[in-house]
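# Analysis of the macromolecular model
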Amino acid sequence: MADRTDPGVRLVSALRLAAVVLLAVGFSGWLLDDGGEVSLESPFTLAFAGGVACAFVSIYLGIFLANRE
């Protein structure tokens, strides 16, 4: 079992936290924005996309780290 001080485990945890924060900021920004429509140039869109990317990376990195022995 991986030790909590393992750098890979810490990276996966940091990516998960970043994903949750970025997804929440991006989605709430879309909801609270004045126009109400999604624009690709919006910082909220970039935050949401960054959150999705962090989520995918943390999932695949977690799977990779779990399968190494």
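Residues numbered from 1 in each chain as written. Predicted model: local features only at pLDDT ≥ 70, side-chain atom pairs only at ≥ 80, totals over all residues. Heavy atoms only, no water.

## Side note on the overall build of the protein
Our working definition: Here a strand is any run of E in DSSP of at least two residues, a helix any run of H or I of at least four, and the numbering for each starts at the N terminus. In this analysis, two residues are considered to be in contact whenever any of their non-hydrogen atoms come within 4.5 Å of each other. Only the protein chains shown count as covering a residue, and every accessible area follows the Shrake-Rupley method with a 1.4 Å probe.
When its secondary structure is counted, the protein shows 2 helices and 0 strands. When contacts within the protein are restricted to residue pairs at least 6 apart in sequence, those whose partners lie at least 24 apart make up 61%. Element-wise, carbon and sulfur atoms account for 68% of the exposed surface of the protein, whose accessible area totals about 5300 Å².

## Here's the deal with the UniProt feature "transmembrane region" (unreviewed entry) in the protein
Here is the rule we go by: UniProt positions are given in the numbering used here, feature names are shortened, and annotations may be inferred rather than shown by experiment.
UniProt records the feature "transmembrane region" (unreviewed entry) at residues 12–32 and 44–66, using the numbering of this structure. Its end C-alpha atoms 30 Å apart, residues 12–32 is made of 100% helix and 0% strand. Overall, residues 44–66 shows 100% helix and 0% strand. The separation of its end C-alpha atoms is 33 Å.

## Considering helix H1 (residues 7–32)
Quick note on the threshold: Between the first and last residue of a helix there are one fewer steps than residues, each counted as 1.5 Å, and that sum is the expected span.
Over its 26 residues, H1 runs 37 Å from end to end, which matches the ideal 38 Å to within 8%, given 1.5 Å per residue. Tucked into the core, H1 has its buried residues touching helix H2 (43–67).

## Some thoughts on the packing of H1 against H2
The criterion, for reference: Axis definition: a line fitted to C-alpha atoms, over the contacting stretch in the case of helices. Angles run 0 to 180 degrees between N-to-C directions. Our angle categories are set so that under 35 degrees counts as roughly parallel, over 145 as roughly antiparallel, 65 to 115 as roughly perpendicular, and the remainder as oblique. Left-handed is the label given to a crossing in which the near helix is rotated counterclockwise from the far helix by less than a right angle, and right-handed is the label when the rotation is clockwise.
The geometry of H1 relative to H2 is characterised by a closest axis approach of 7 Å and an angle of 155 degrees between their N-to-C directions. The orientation of H1 with respect to H2, classified from their angle, is roughly antiparallel. For H1 against H2, the interelement crossing comes out left-handed.

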